[in-house]
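Analysis of the macromolecular model
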Amino acid sequence: MDFRERLTETSFVIEYAREGSLQDLIGTADSLAPKVMIRYAGHILKAVDYLHDQGLVHNDIKPSNILISKKDRAKLSDFAFSGNIGEETFNHLPESMIVGTDLYKPRSERHSRINSVHHDIYAIGIVLYQLFNRSVRPDRIDLNQLLYKEIQTIVAYCMAGHYKRVSDIQTELEAIPV
């Protein structure tokens, strides 16, 4: 990524993701190999863990914000809703407006303006469900549809707030035999 500033504007230049987004892959790929799914999930977890270590949350993790590079790496994008952990943000918006994408936030916290690691971890659970279930929009989550019992557990724990750090998810993901 390159950062350039001019007198009148600021812009970011990022790598072109020739392969599209994870959303594109989920919607079109008949069968991503389990090793590839776990590798992509690992890339995402590593990026989010780094953000959290820097004191930031993404606030809008979803398949369309995960780009696949020509080197076949999953890269997190769209930091429009990111902010400092624990801070309240977007107070200028109407209270009824949801910051981020509602499907990827815990139902009880969809209108919260406090930046929370838990929101990112919950979103990771939904993304993992979509990736391993090939579900473009998981309106009804049925963990029993997931092929790997370990992924069922990880998704359930993400959604229940069991994990406090993304690195804990990474450790469990790496232990899955594929």
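Data block above holds the structure.
Note that the structure is a prediction, hence the values are computed from the model and not measured.

A few points about the overall build of the protein chain
When you go through the protein chain residue by residue, the secondary structure sums to 5 helices and 6 strands. Reading the secondary structure of the protein chain in the N-to-C direction produces β-β-α-α-β-β-β-β-α-α-α. Sorting the 178 residues of the protein chain into buried and exposed places 45% on the buried side. Residue pairs in contact within the protein chain that sit at least 24 positions apart in sequence constitute 59% of those at least 6 positions apart. Here the protein chain has roughly 10100 Å² of accessible surface; of this, 50% comes from carbon and sulfur atoms.

Observations concerning helix α2 (residues 34-53)
Given 3.6 residues to a turn, an α-helix orients residues that are three or four positions apart in the same direction. Given a rise of 1.5 Å per residue, 20 residues ought to cover 28 Å, and the 28 Å separating the end C-alpha atoms of α2 matches this to within 8%. Two residues or fewer after α2 comes Gly 55, characterised by a positive phi angle close to 85°.

As for the environment of Lys 35
Residue placement: Lys 35 occurs in helix α2. Placed 141 residues apart in sequence, Lys 35 and Ile 176 show a C-alpha to C-alpha distance of 9.8 Å.

With respect to the packing of α2 against helix α3 (residues 117-133)
Relative orientation of the contacting elements α2 and α3 amounts to 170°, with a least axis distance of 11 Å. Judged by the inter-axis angle, α2 sits roughly antiparallel to α3. Contact residues: α2 offers Met 37, Ile 38, Ala 41, Leu 45, Val 48 and His 52, while α3 offers Val 117, Asp 120, Ile 124, Leu 128, Leu 131 and Phe 132. Here the contact of α2 with α3 is built from residues that sort into 10 nonpolar, 1 polar and 1 charged.

Some remarks on the pattern of salt bridges
Tallied over the full model, the rule gives 4 salt bridges. The shortest N-O distance in the salt bridge between Asp 53 and Arg 165 comes to 3.2 Å. Taken together, the residues span a long stretch of sequence, with Asp 53 in helix α2 and Arg 165 in the loop between α4 (149-160) and α5 (166-174) at a distance of 112 residues. Across the pair Lys 62 and Asp 60 runs a salt bridge, and its minimum N-O distance is 3.8 Å. There is no split in this pair, since Lys 62 and Asp 60 are both buried.

Scoring rules and cut-offs
- Residue numbering note: each chain is counted from 1, following its sequence as written.
- Only residues with pLDDT of at least 70 are given local features in this predicted model, and only at 80 or more are side-chain atom pairs given and counted; all residues enter the totals for whole chains, interfaces and linings.
- Only hydrogens and water are removed before side-chain values are computed, so all heavy atoms of the structure are retained for them.
- A run of H or I in DSSP counts as a helix once it spans at least four residues, and a run of E counts as a strand once it spans at least two, with each numbered from the N terminus.
- Only protein chains enter the accessibility calculation, which uses a 1.4 Å probe. A residue is then buried if its area is under 20% of the maximum for its type, exposed if over 50%, and partly exposed in between.
- Residue contacts are defined here by distance: any two heavy atoms, one from each residue, within 4.5 Å place the two residues in contact.
- Every accessible area reported is derived by Shrake-Rupley at a probe size of 1.4 Å, with residue values counting cover from the shown protein chains alone.
- Here the expected span of a helix is defined as 1.5 Å times the quantity of residues minus one.
- Here an angle of 0 to 180 degrees is reported between the N-to-C directions of two axes, which are lines fitted to C-alpha atoms, with helices fitted over the stretch in contact.
- Here is the rule for angles: anything less than 35 degrees is roughly parallel, anything more than 145 is roughly antiparallel, 65 through 115 is roughly perpendicular, and the remaining ranges are oblique.
- Residue type decides the class: Asp, Glu, Lys and Arg count as charged, Ala, Val, Leu, Ile, Met, Phe, Trp, Tyr, Cys and Pro as nonpolar, and the leftover types, Gly among them, as polar.
- For salt bridges, the criterion is a side-chain nitrogen of Lys or Arg within 4 Å of an Asp or Glu carboxyl oxygen.

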